[in-house]
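Breakdown of the fold
The lines below spell out each chain.
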Amino acid sequence: MLPDVAAALDYGRCPCSGVYQHRAVEVRMTVSGKIVVLTDVPQGSCPTCGSRVYKPEVLERIESLMKATRFERRL
Ligand SMILES: [Zn+2]
C-alpha cells in the first residue's frame, strides 16, 4: 500500500462527505506568550469544505510540547 493512501485512510471522511487529504503544514502557536513553530506537521485537509483534522498522536505531541514549555518557564 502506498504511504499516501495509508495516510488518507487514517484521516477518514469529512462530515461533508469529502475525503481528507494528507499534507504537511507549519503550525504556529503561542504558549505562555511565546511563539512556537512546528514544521512538517501531518494534517488532514478536506478539499471540499476546507476543514482540517489532526491525528491523535499529533495532538498529543502538540500538547506535550505545550506542557514542556510551561515546565521550562518554571525553572
Ligand atoms: Zn469537508
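Our subject in this report is the structure included herewith. Bear in mind that the values here come from a model prediction, so they are computed numbers and not experimental data. (Residues numbered from 1 in each chain as written. Predicted model: local features only at pLDDT ≥ 70, side-chain atom pairs only at ≥ 80, totals over all residues. Heavy atoms only, no water.)

**A look at the overall build of the protein chain**
For the protein chain, the count of helices and strands is two helices and three strands. The helix and strand sequence of the protein chain, counted from the amino end, reads α-β-β-β-α. With 75 residues in all, the protein chain has 27% of them scored as buried. Of the roughly 5500 Å² of accessible surface on the protein chain, 54% is carried by carbon and sulfur atoms. (Helix = DSSP H or I, 4+ residues; strand = E, 2+ residues; numbered from the N terminus. Buried < 20%, exposed > 50% of the residue type's maximum accessible area, 1.4 Å probe, protein only. Areas by Shrake-Rupley, 256 points an atom, 1.4 Å probe, with all protein chains shown as cover.)

**Side note on the coordination of the zinc ion**
The zinc ion binds to the protein through C14 (SG), C16 (SG), C46 (SG) and C49 (SG); the donor distances cover 2.3 Å. Each of the four donor atoms around the zinc ion contributes to a set of angles spanning 105 to 116°, which defines the coordination as tetrahedral. Within one chain, the residues donating to the zinc ion are spaced in sequence as C-x1-C-x29-C-x2-C. Placement of the pair is C16 in the loop between α1 (3-11) and β1 (21-31) and C46 in the loop between β2 (34-45) and β3 (52-53), with a sequence separation of 30 residues. By relative accessible area, C16 is classed as partly exposed at 31%. Classification of C46 by relative accessible area gives buried; the value is 2%. (Donors = N, O, S within 2.8 Å, 3.2 Å for Na, K, Ca; no water. Tetrahedral: all angles 85-135°; square planar, octahedral: opposite > 155°, others 65-115°.)

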